[in-house]
Amino acid sequence: MSGILLLEQALNGLQFGLMLFLLAAGLTLVFGIMDMINLAHGSLYMVGAFLAATFAELTGSFWLAVVLAMAGTAVVGMALEISVLRRLYARDHLAQVLATFAIILIANEGVRLIWGPQVPLSAPPALAGPVQILPGLDYSSYRLVIIAVGLAVAVALYVLVTRTKTGMLVRAGASNREMATAMGVDIKLLFTLVFGFGAALCAIAGAMLGPILAVQVGMGESILILAFVVIVIGGIGSIRGALVGALVVGMADTIGRAFIPALLREFLPPQFASALGPALASILIYVLMAAILFWKPQGLFPARG
Amino acid sequence: MRRWTLLAVLALAVAFPLVARPLGWEFYVGFASRIMIYALAASSLNLILGYGGMLSFGHAAFVGAGAYVVGILMAEGVASAWVSWPLAVAAAGALAAAVGAVSLRTRGVYFIMITLAFAQMIYYIAVGMKAYGGEEGLNLPARSSVGFGLDLKDDATFYYVVLGVLIAALYAMHRLARARFGRVIEAIRENETRMEAIGFATHRYKLVCFALGGAVAGLSGALLANQNSYVNPNLLYWTQSGSLMIMVILGGVGALYGGLLGAIALLVLEEVFSVYTIHWQLGVGAILLAIVLYAPQGLAGLLARRRDG
Amino acid sequence: MTRRLVVHFVGFFALWAATAAPLHAADRIKIGFLSTLSGPNAAIGADIRDGFNLALKLAGGKVGGLPAEVVIGDDQFNPDTGKQLADRMLKRDRVDLLTGMVFSNIMLAVVPAVFEQKVFYVSPNAAPSPLAGKQCNPLFFVASWPNDAYHEAAGQYATTKGFKNAYLIAPNYQAGKDSLAGFKRFYQGKVVDEVYTKLGQLDYAAEIAQIRAAKPEALYAFLPGGMGINFIKQFVAAGMSKDIQLIVPGFGSDQDIIRAVGEPMLGLFDTAHWSYDLDNDANRRFVAEFEKEYKRIPSVFAAQGYDTALLIDSAVRKVKGNLDNKDALRAAFRSADFKSVRGAFKFNRNQYPIQDYYLRVVAKDAQGRIVNKKLGTVFTNHGDAYVQDCAMK
C-alpha cells in the first residue's frame, strides 16, 4: 500500500471529519449547556446549504454566499430558539425528541416549498482543479480549502472558548448551569446566542459540503445521526471532544469505504465486499459509541469534570 | 358508554372489508391492514415507553428484525406462518432482551442514545447482508401460508388475520397492565428509587417489559413483511423509530389504545393530506409540534377530557 | 359525547373516501406514470416524463385514439414509496398500464404487484437481467434497452481501442451489477478492480484515491444522474482526467450531466442506442419539437420516454382501444408497429429490444452547444445475453 494512497485517504478522512466537527460543535454546546436533545440541528445544516446556493446565485460570489448563509442561518436558528425551543428546556427528553423531530418534518417541507427538492451549488471556478501536493498526488484544491476552513474554525473556537469572556461564560454554563445563573449570567440571552452560533457553524458545513454532495431536502438526517455519535464519543459539552470524535468518525468512514472493501475483495465477490465494507465500518462506529456510553458515559473528554 | 364504543368500533372493523368491495374501496382494505400493523407496532412501543417509562429510540430495529426473519426464511424456502411468525417474535424478543440488558444499565439521555446506537448497528447489519438484498431489499415471492385453505394474498383474508392478531395482542396487553406485573412497572416508572428500596428487582422488571415490547414489535414486523411482500433496511432506520414515537404520543402515551389511535391518526392524516398536496409532512409536523407543546396527553387525553367534561 | 365523536369521524371518513375514490370509465385509457421526480436524479425522471408527454401532446392528448389520463407519481428514489404509490395506482386509480420508472431497484420492488394485478408494464428505462432471462414475463415490455447493452458496447469499444487494463466502478444494485457484467462480457483486457459504491453516494474521494493508486489505463464508470455529476466533477478536480481515459455508458454523459458539469466533459466517449443527430424522420421531428416545447436539448432518456408513448399508442391502436383482451394487447405490443426515433425497432422473444448501438463523443455542435455526437456503430442488431433462459416463445 503506497504512501500516496495513505496520505490521500488521510486527507479525505480529515476533510470529512472537520466538516462533521462543525456540526458537532454546535450540537454539543446546545446539548451540554441547555441539556436539550436537538434533532433539528441537521435541518439548520440543510437551511445553511440552501441559503448559500441562493446567495451564490444572487451575488455570483461563493465566499460572500457562505458568509451571508452563516448570518441567515444564525437568524433562523435564533428565531427558532426564541419561538419554539425555549419552551422545551424545562420539558423531559421525550418531549424534546418529538418536538424537534416535528421541526425536521416542517423544515424539510418548508424548504421544499420555498426552493424545491434540490438546488445546484458549485465550488468557485478557481478551485475546480487540483493542486500538486506531492509528485503523483494532485489533490482537489477545493477539498484542501475545506480542510483549511475547518482547521481555522477549530482554532478560532479554541481561542473563543478558552481566551474570551464569552467563552468563559459558555464553559461555565456547560459545567454548572445553576451556578452560572446564580452568578448573574443572563442565561436566556446566552442560550439564544449559543444557539445562533451553532447554527452559523452548521451553515459553514452545509455551504462547503454543498458542491461535493448535493443540496437537497433531507440532507440533514444522515449527517445528524453521525453528529450525535461524535458528541457522545467526544463528551457532551466538550468542543475538544467534538473535534477528536469527529476525526475518529471521519477516518473510520474513509477506512470503511476504501480499505475494508479492498481487503474483503480478496475472498468475497465484489458486490458483497463492497456492501459489507462500509456496513462494517459503521457498525464499528456504533459499537464504539455503545461501549463509551456503557463504560464512560461522559465521553472521552467530559465537560463536567 | 365505554363498552358501546368498543362494540361499535369492533363491528365497523369486521364489516369494513365486506362493504369495501361493492363500494369500490378495495385499496382501502390494504390501507386498513397497514394501519392495524402500525397500531400493533406503536402499541408495543407504548408498552415500553408509556407503561415502562423507557425512552427507547431504537424500536424500529425490533420491528425490522421480525420482518427480516420472515423475509429470510421465505428466501430459504420456509413459507409457513406457523414457523416464521413465532420465530420472528422470538428473535425480536431475544434481540430486545440483549439490547435491554446492556442499555438498561444506563439512564436518561444515555439510555436514549445507546438504544439508538444498537438500532443503527442492526440497521447496518441488514445493509451489509447483500445475500438477502442489502440496501436493495428483498422481495417476498408470496405471503406466508397459514393453511386452513386461507390465502393471505387476498386482501380481505389478510385483513381479518391482522385484525385477529391485533385484538389478541391488545387484549393481552390490557390483561398485563391490570395484572401485578403491569402495576409494578407503572410504579417503577413513577418512582424507581422507592420501588428499589421496597425490594423490587426493578432492573429485571424493566428488562422483561423491554423484551416483551420487542417481541410484539417483531410480530408487527412479520405482518409488515407480508403486507408489503418486501423487506428492506429502511424499516430499521432511526427515522422509523421516530415515526413510531410520533404515533405513541399522538395517540396518548400510556393509554391502552394510544398506539391504535396514534397509528390511525398519523396514517389517515398522511393519506388525506397527500391527496391534496405533496407537502403533507408539513401538516403532520405542525400538528405533532402543537400536540407536544399544548396537549402532551395526546388524542387519548383529549378524548378522556371530553368524556369527563 | 364519544358516540357523537365516533359518528362524526366515520361520517367524515366516508365522505372523504367517496370523493377521493374515482370511478373507472371504459372509454379512456389511464396510464400510471411512476418515476423519480425529486432528488439528485430527478433530471432523468423529468426527461422521461417530458418526452412521454410530448408524444401525447403531438397526438392531441390521445393514446391509440383514446383520450389519455396520466396519473403521475414520484417515487422519490425510494422503493417503499414506489411500492405504495404503485399500489394506489393499481387498486384505487385502477390504471390500465404502468410505466415511467428509472431505477432497477425500485422497479424490481414494484413490478411483482403490477404483474399480480395482470397489468402491463412498459419500461422507458430500467431493464434488469433477471426479467430478461429466468423471470421474463409476458406483461413486461422494454422500450429502452437491456440493462447490459450500453456496457457491452463500451466493453467492445475498449477492446477495439486497445486499452490493456481497466478499472470498473458502478453503484451496488441490480443495474450496477448488470453494467459491469456486460462490460466484462466484451472487454478482453485485464480488469484491475471492480468496485461497487452505495447507490446514491455523492462523495467519491475515497474511491478516487484507490483508482489513483491502481493506475489503470481506462476507467469505466456507470454512475447515472446525480452520482455521475458528482463523480465527473470530483474526478476532474483530482486531476485524474489527463492520465486515465474515462469511458461511460450513454447515460453517464447525457444532457442532464452536461447541464451540470459542462466543458470538462468534452472529449468523453460513450455508447448508446440513440444519438440526437440520428438521421431519420421520426427523430428529426422529435428533436425539433422537444427543443421548441422545452427549450433544451433532449437526452437519451427523453427519447426513450417519447418512444414508450409511441409504442403504447401503436399497441392500443392495433387493438382498437379494447384493453380487456390481454392476449391481443400483448400481441399488438410485440409487433412494435411504430416509427421509433432510434430507427428500426424490433422485440426479441423475451420482449426486450434488438437494436444497434453507437459510439458517441461529447462535443460541440454547429451552434456551439455541448452534445453527444454519433461517431460510429459498435453493434448491429444486438440482443441480450439472457434470452436463452427465458421460457417465453
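Small disclaimer: the values here were computed from a predicted structure and weren't measured. (Residues numbered from 1 in each chain as written. Chains lettered and ligands numbered in written order. Predicted model: local features only at pLDDT ≥ 70, side-chain atom pairs only at ≥ 80, totals over all residues.)

**What to know about the overall build of chain B**
Spelled out, the test is: Strands are runs of DSSP state E lasting at least 2 residues, helices are runs of H or I lasting at least 4, and numbering of each runs from the N terminus. Atoms counted for the radius of gyration: C-alpha only. Globule rule: 2.2 Å times the number of residues to the power 0.38. As a rule, residues whose C-beta atom has 12 or fewer other C-beta atoms within 10 Å are exposed, those with 20 or more are buried, and those in between are partly exposed; C-beta atoms are placed from the backbone.
Helix and strand counts for chain B come out as 13 helices and two strands. Taken over C-alpha atoms, the radius of gyration comes to 19 Å for chain B, in line with the 19 Å a tight globule of 309 residues would show. A principal-axis box enclosing the C-alpha atoms of chain B has dimensions of 60 × 50 × 40 Å. Within chain B, the proportion of its 309 residues that are buried is 54%.

**What about the overall build of chain C?**
Secondary structure assignment for chain C yields twelve helices and 14 strands. For a compact globule of 393 residues, the expected C-alpha radius of gyration is about 21 Å, and chain C comes in at 22 Å, within 12% of that figure. For the C-alpha atoms alone, the extent of chain C along its principal axes is close to 75 × 55 × 45 Å. The buried share of chain C, reckoned over its 393 residues, is 57%.

**A closer look at the sheet that holds strand β2 (residues 62-63) of chain C**
All names here are of chain C. Cut-off, in case you're wondering: Only when DSSP finds a minimum of two bridges between them are two strands counted as paired.
If you walk across this open sheet you meet the six strands as β2-β3-β1-β4-β5-β6, and the pairing is mixed. The open sheet has two edge strands, β2 and β6 (140-142), and neither has a second partner. Two strands pair when backbone bridges link them, and β2 and strand β3 (residues 66-74) are joined in this way by two bridges, in the antiparallel orientation. In the sheet register, Val63 faces β3, and the bridge partner there is Leu66.

**Some thoughts on helix α3 (residues 59-75) of chain B**
Because an α-helix completes one turn every 3.6 residues, residues spaced three or four positions apart along the sequence face the same direction. Residues and elements named next belong to chain B. Inclusion rule: Here, expected helix span is obtained from the residue count minus one, scaled by 1.5 Å.
Taking 1.5 Å of rise per residue, the 17 residues of α3 would be expected to cover 24 Å, and the 25 Å separating its terminal C-alpha atoms lies within 8% of that figure. Taken across its 17 residues, α3 has 16 buried, putting it largely inside the fold. Phi for Gly77, located one or two positions after α3, is positive at around 100 degrees.

**Considering the packing of helix α1 (residues 3-34) of chain A against helix α7 (residues 205-214) of chain C**
For any two helices packed against each other, the geometry comes down to the angle between their axes and how far apart the axes lie. Let me state the cut-off plainly: For every element, the axis is a line fit to its C-alpha atoms; helices are fit only across the contacting stretch, and the angle between N-to-C directions ranges from 0 to 180 degrees. Just so you know how the angles are binned, under 35 degrees is roughly parallel, over 145 roughly antiparallel, 65 to 115 roughly perpendicular, and the rest oblique. C-beta atoms are placed from the backbone for every residue, and two residues are taken to be in contact when these atoms lie within 7 Å. Put simply, Ala, Val, Leu, Ile, Met, Phe, Trp, Tyr, Cys and Pro go in the nonpolar bin, Asp, Glu, Lys and Arg in the charged bin, and everything else, Gly too, in the polar bin.
As a packed pair, α1 of chain A and α7 of chain C sit with axes 9 Å apart at the nearest point and diverge in direction by 170 degrees. Of the possible angle classes, the one that applies to α1 of chain A and α7 of chain C is roughly antiparallel. Here α1 of chain A contributes Ile4, Leu5, Glu8, Gln9 and Asn12 of chain A to the contact with α7 of chain C, which in turn contributes Ala205, Ala206, Ala209, Arg212 and Ala213 of chain C. Of the residues belonging to the contact of α1 of chain A with α7 of chain C, the class tally is six nonpolar, two polar and two charged.

**Description of the interface of chain A and chain B**
The partner chain B presents 37 residues to the 37 residues of chain A that form the contact. Elements that contribute at least two residues to the side of chain A that touches chain B include exactly α4 (93-115), α9 (219-234) and α11 (270-295) of chain A. Element by element, the count of residues in the side of chain A that touches chain B is highest for α4 of chain A, at 16 residues. Residue composition of the side of chain A that touches chain B, grouped by class: 28 nonpolar, five polar and four charged.

**Examining the confidence of the model for chain C**
Residue and element names in this part refer to chain C. Note the threshold: Confidence of the predictor at the level of single residues is given by pLDDT, which spans 0 to 100.
For chain C, mean pLDDT is 90; residues scoring 70 or higher make up 93% of the total. With pLDDT under 50 throughout, residues 21-25 is counted as low confidence; its partners more than four residues away or in other chains account for five contacts. Predicted complex metrics record ipTM = 0.90 and pTM = 0.89.

**Examining the domain arrangement of chain C**
Residues and elements named next belong to chain C. Using the following cut-off: Domain boundaries shown here were taken from an automatic or database domain assignment.
Parsing chain C into structural domains produces domain 1 (29-145 + 278-347) and domain 2 (149-272 + 359-382). Just the C-alpha atoms count here: the centres of domain 1 and domain 2 sit 26 Å apart. Domain 1 puts 19 residues into the contact, and the matching count from domain 2 is 21 residues. Elements with a contribution of two residues or more to the side of domain 1 that touches domain 2: α2 (42-58), α4 (104-116) and α11 (300-318). Among the residues forming the side of domain 1 that touches domain 2, the class breakdown is twelve nonpolar, five polar and two charged.

**Examining the nonpolar core**
Stated precisely, the cut-off is as follows: When buried Ala, Val, Leu, Ile, Met, Phe, Trp, Tyr and Cys residues are joined through C-beta atoms within 7 Å, the set is termed a nonpolar core.
Core analysis: the biggest nonpolar cluster contains 360 residues, and Leu20, Ala24, Ala52, Leu98, Ala227 and Val230 of chain A have the highest contact counts within it. At 18 residues, helix α2 (residues 26-51) of chain B tops the list of elements feeding residues into this core. The residue makeup of this core includes at least three contributed by each of domain 1 (29-145 + 278-347) and domain 2 (149-272 + 359-382) of chain C. Leaving out residues up to four positions away in the same chain, Val230 of chain A has contacts with Leu20, Ala24, Ala242, Gly245, Ala246 and Val249 of chain A.

**Points about the environment of Leu207 of chain B**
All names here are of chain B. Within the secondary structure layout, Leu207 lies in helix α9 (residues 202-228). With 108 residues separating them along the chain, Leu207 and Val99 place their C-alpha atoms 9.4 Å apart. Apart from residues no more than four positions distant in its own chain, Leu207 is found in contact with Ala97, Gly100, Ala101 and Leu104.

**Points about the confidence of the model for chain B**
Mean pLDDT over chain B works out to 88, with 95% of the residues at or above the 70 mark. Helix α13 (residues 298-308) of chain B is the least confidently modelled element of chain B, averaging 57 in pLDDT, while α3 of chain B averages 96, the highest of any element.

**Brief notes about α9 of chain A**
Along its 16 residues, α9 of chain A runs 23 Å from first to last C-alpha, staying within 8% of the 22 Å computed at 1.5 Å per residue. Phi turns positive one or two residues past the end of α9 of chain A, at Gly235 of chain A, with a value near 115 degrees.

**Observations concerning unusual backbone geometry**
Its identity as a non-glycine residue notwithstanding, Phe77 of chain C has a phi of 65 degrees, on the positive side. The phi dihedral of Lys320 of chain C is positive, around 55 degrees, even though this residue is not glycine.

**Re the packing of α3 of chain B against helix α5 (residues 108-128) of chain B**
All names here are of chain B. As a reminder of what qualifies: Take the far helix as your reference; a near helix turned counterclockwise from it by less than a right angle gives a left-handed crossing, and one turned clockwise gives a right-handed crossing.
The contact between α3 and α5 brings their axes to 9 Å, and the two run at 30 degrees. Here α5 runs roughly parallel to α3, going by the angle between their axes. Every pair of crossing elements has a handedness; the one defined by α3 and α5 is left-handed. Every residue of α5 that contacts α3 at Ala60, Ala61, Gly64, Ala65 and Tyr68 is listed here: Phe118, Ala119, Ile122, Tyr123 and Ala126.

**Remarks on the pairing of strand β2 (residues 130-134) of chain A**
Residues and elements named next belong to chain A. Here four bridges tie β2 to strand β3 (residues 137-140), and the two strands are oriented antiparallel to one another. By the bridge assignment, Gln132 is partnered in β3 with Asp138. Following β2, the chain reverses through two residues before pairing antiparallel with β3; Gly136 in that reversal takes a positive phi of roughly 95 degrees.

**Describing the pairing of strand β1 (residues 29-35) of chain C**
Residue and element names in this part refer to chain C. Extensive coverage of β1 is indicated by the burial of seven of its seven residues. Side chains of β1 alternate between two faces, with Ile29, Ile31, Phe33 and Ser35 and Lys30, Gly32 and Leu34 buried alike. Pairing between β1 and strand β4 (residues 97-99): three bridges, direction parallel. Its bridge partner being in β4, Phe33 is matched across the sheet by Thr99.

**Re the environment of Met74 of chain B**
Residues and elements named next belong to chain B. Residue placement: Met74 occurs in helix α3. Since 24 C-beta atoms lie within 10 Å of it, Met74 is described here as buried. Between the alpha carbons of Met74 and Phe57 there is a distance of 29 Å; along the sequence they are 17 residues apart.

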